[in-house]
Amino acid sequence: MGLWRGKTPLILASQSSARKILLANAGLDFEAVTADIDERSIQAASKLSNPREIGLLLAREKAKAVSVNRPGSYVIGADQTLALGHRLFNKPAGRAQALAQLQDLAGSTHELNSAVAVAHDGKIVFEDVSVARMTMRPMTEAELLAYLDAAGDAVTTSVGAYQLEGLGIHLFERIEGDHFTILGLPLLPLLAFLRRERLVAM
């Protein structure tokens, strides 16, 4: 039996396999629904440059986009931004772009900002941003190409072109931050909110 105690189903406004696994492993029954928004257009129109603010904006918009069609339900929106200094990274469009991004990140420390927002009846009722600092080891082009060969198309599904829970772990020499932040969902503050609202059984 799941731990969810809401009167209507919990909704995850994402098809991210990592986020779905995190919620499922936490014992929460939920439905995953794709948020039909144009992230890049929303980001451009906002004129925001702070990666944390951009992540929160997109998490809010995803949650609200699904929430308006699911009255009474709590909808979780999430987004992750990657910043190397003042430069923002998006999911690579293909192998060539993934290689270019990894070459820029190799030997440096970047920040992953993971934002979560919860909407209820179209209004945001909770939000949070967690940050992880990721130091990638120096790597040659040959080493990066070998990684891309091994990882395959999965590199285009995440910002930064790596999945830390998989082969991407080989790229790093130091990580500061919790596992949930790195996987794209600040789970501890989210669960704390759900407990305060008496929406979970623990």
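Chains are numbered independently. Their residues run from 1 in the order of the written sequence. Where local features are concerned, this predicted model is filtered to residues with pLDDT of at least 70; where side-chain atom pairs are given and counted, the filter is 80 or more; whole-chain, interface and lining totals use all residues. Note that water and hydrogens are dropped before the side-chain values are worked out from all heavy atoms of the structure.

K.L.:
How do you make sense of the packing of aromatic side chains when you look at a structure like this?
P.N.:
The relative placement of two aromatic rings is captured by the distance of their centres and the angle of their planes. Only centres within 6.5 Å qualify two rings of Phe, Tyr or Trp (six-membered ring in Trp) as a pair; their planes then separate them into stacked at under 30 degrees, edge-to-face at over 60, and tilted for everything else. Counted by the stated rule, this structure contains three aromatic pairs. Ring centres of Trp 4 and Tyr 74 lie 6.5 Å apart, and the angle between their planes is 70°; on these two criteria the pair is classed as edge-to-face. With Trp 4 in the segment before β1 (10-12) and Tyr 74 in strand β3 (residues 74-84), the pair connects residues that are 70 residues apart, well separated along the chain. For the exposure calls, accessible area comes from a 1.4 Å probe over protein chains only, and a residue counts as buried if that area is under 20% of its type's maximum, exposed if over 50%, partly exposed in between. For Trp 4, a relative accessible area of 11% corresponds to the buried category. Tyr 74 gets classed as buried once you look at its relative accessible area, which sits at 15%. Both rings, one in Tyr 162 and one in Phe 172, keep their centres 4.8 Å apart while their planes meet at 75°; by these two values the pair is edge-to-face. Within this pair, whereas Tyr 162 is found in the loop between α5 (141-151) and β7 (172-176), its partner Phe 172 is found in strand β7, the two being separated by 10 residues in sequence. Accessibility assignment for this pair places Tyr 162 and Phe 172 in one class, buried. By the criteria applied, helices consist of DSSP H or I runs no shorter than four residues and strands consist of E runs no shorter than two, each listed in order from the N terminus.

K.L.:
What should I look at first to understand the layout of surface pockets in this one?
P.N.:
Remark: the empty space left among the atoms is shown by a probe the size of a water molecule rolled over them. A cavity here means a set of points on a 1 Å grid, drawn over the protein atoms and nothing else, where a 1.4 Å probe fits but cannot get out; a pocket is an open set with protein on both sides within 12 Å along at least five of seven lines, and a residue lines either one if it has an atom within 4 Å of a point. Grid points are joined across faces, edges and corners, and a volume is the space filled by probe spheres set on the points. Size it by volume and the largest pocket reaches roughly 830 Å³. Around the largest pocket, the lining comprises 37 residues; the ones closest to its centre are Ser 16, Arg 19, Lys 91, Thr 157 and Ser 158. Sorting the residues of the lining of the largest pocket by element identifies α1 (17-25), α2 (39-46), α3 (51-67), β3, β4 (87-89) and α6 (179-183) as the ones contributing at least two each.

K.L.:
How should I be thinking about the side chain of Ser 14 in this particular structure?
P.N.:
Mapped onto the elements, Ser 14 comes out in the loop between β1 and α1. Side-chain atoms alone can form a polar contact between residues adjacent in sequence; in general such a contact is a pair of N or O atoms within 3.5 Å, and within protein one must be able to donate a hydrogen while the other accepts it. Among the polar contacts made by the side chain of Ser 14, one reaches the main-chain amide nitrogen of Ser 16 at a distance of 2.9 Å. Discounting chain neighbours no more than four positions away, the residues touching Ser 14 are Arg 19, Ala 32 and Val 33. Note on contacts: a residue pair qualifies if any of its non-hydrogen atoms lie within 4.5 Å across the two residues.

K.L.:
Quick question: what am I supposed to make of the packing of helix α4 (residues 95-105) against α5 here?
P.N.:
Any two packed helices are characterised by the angle at which their axes cross and by the distance between the axes. Helix axes are fitted only over the stretch in contact, all axes being lines through C-alpha atoms; the angle between N-to-C directions runs from 0 to 180 degrees. Two elements in contact, α4 and α5, have axes whose closest approach is 10 Å; the angle formed by their N-to-C orientations is 135°. In terms of orientation, α4 lies oblique with respect to α5. Remark: the crossing between α4 and α5 carries right-handed chirality. Residues Arg 95, Ala 98, Leu 99, Leu 102 and Gln 103 of α4 lie in contact with α5, whose contacting residues are Glu 141, Leu 144, Leu 145, Tyr 147, Leu 148 and Asp 149. Here the residues of the contact of α4 with α5 are counted per class, giving seven nonpolar, one polar and three charged. The labels follow the angle: roughly parallel below 35 degrees, roughly antiparallel above 145, roughly perpendicular from 65 to 115, and oblique for the rest. The crossing is said to be left-handed when, going from far helix to near helix, the turn is anticlockwise and less than a right angle, and right-handed when the turn is clockwise. When residues are grouped by polarity, Ala, Val, Leu, Ile, Met, Phe, Trp, Tyr, Cys and Pro land in nonpolar, Asp, Glu, Lys and Arg in charged, and all others, Gly among them, in polar.

K.L.:
Hey, could you run me through α3 in this one?
P.N.:
Three or four residues apart is the spacing at which side chains of an α-helix point the same way, because the helix has 3.6 residues per turn. Residue count minus one, scaled by 1.5 Å, sets the expected span of a helix. Taking 1.5 Å per residue as the helical rise, α3 with its 17 residues ought to reach 24 Å, and the 24 Å between its terminal C-alpha atoms agrees with that figure. For α3, every residue scored as buried is listed here: Pro 51, Ile 54, Gly 55, Leu 56, Leu 57, Leu 58, Ala 59, Lys 62, Ala 63, Val 66 and Ser 67. Check the buried side of α3 and you find it contacts β1, α2, β3, β4, β5 (109-120) and β6 (123-136). The opening residue of α3 is Asn 50, an N-cap whose side-chain oxygen sits 2.8 Å from the backbone nitrogen of Arg 52.

K.L.:
Could you clarify how one ought to interpret the pattern of salt bridges in this entry?
P.N.:
When the charged atoms of two side chains lie near each other, side chains of opposite charge can form a pair. Here, a salt bridge means any side-chain nitrogen of Lys or Arg that lies within 4 Å of a carboxyl oxygen of Asp or Glu. Tallied over the entire structure, the rule returns nine salt bridges. A salt bridge links Glu 39 to Lys 62, with the shortest nitrogen-to-oxygen separation between them at 3.6 Å. Note that Glu 39 is positioned in helix α2 and Lys 62 in helix α3, a separation of 23 residues in sequence. The shortest N-O distance in the salt bridge between Arg 87 and Asp 104 comes to 2.5 Å.

K.L.:
Just to check I follow, could you spell out unusual backbone geometry for this structure?
P.N.:
As a rule of thumb, non-glycine residues mostly have phi less than zero, and peptide bonds are mostly trans rather than cis. Notably, Lys 47 is not glycine yet its phi reads approximately 60°, a positive angle. Residues other than glycine seldom take positive phi values, yet Asp 121 does so here, at roughly 55°. Along the chain, the position of Asp 121 falls in the loop between β5 and β6.

K.L.:
Would you mind going over the packing of α2 against α3 with me for this structure?
P.N.:
The N-to-C vectors of α2 and α3 enclose an angle of 125°; their axes lie 10 Å apart at closest approach. Classified by the angle their axes make, α2 and α3 are oblique. At the point where α2 passes α3, the crossing takes the right-handed sense. Residues Glu 39, Arg 40, Ile 42, Gln 43 and Ser 46 of α2 pack against Ile 54, Leu 57, Leu 58, Glu 61 and Lys 62 of α3. Its residues assigned to classes, the contact of α2 with α3 shows four nonpolar, two polar and four charged.

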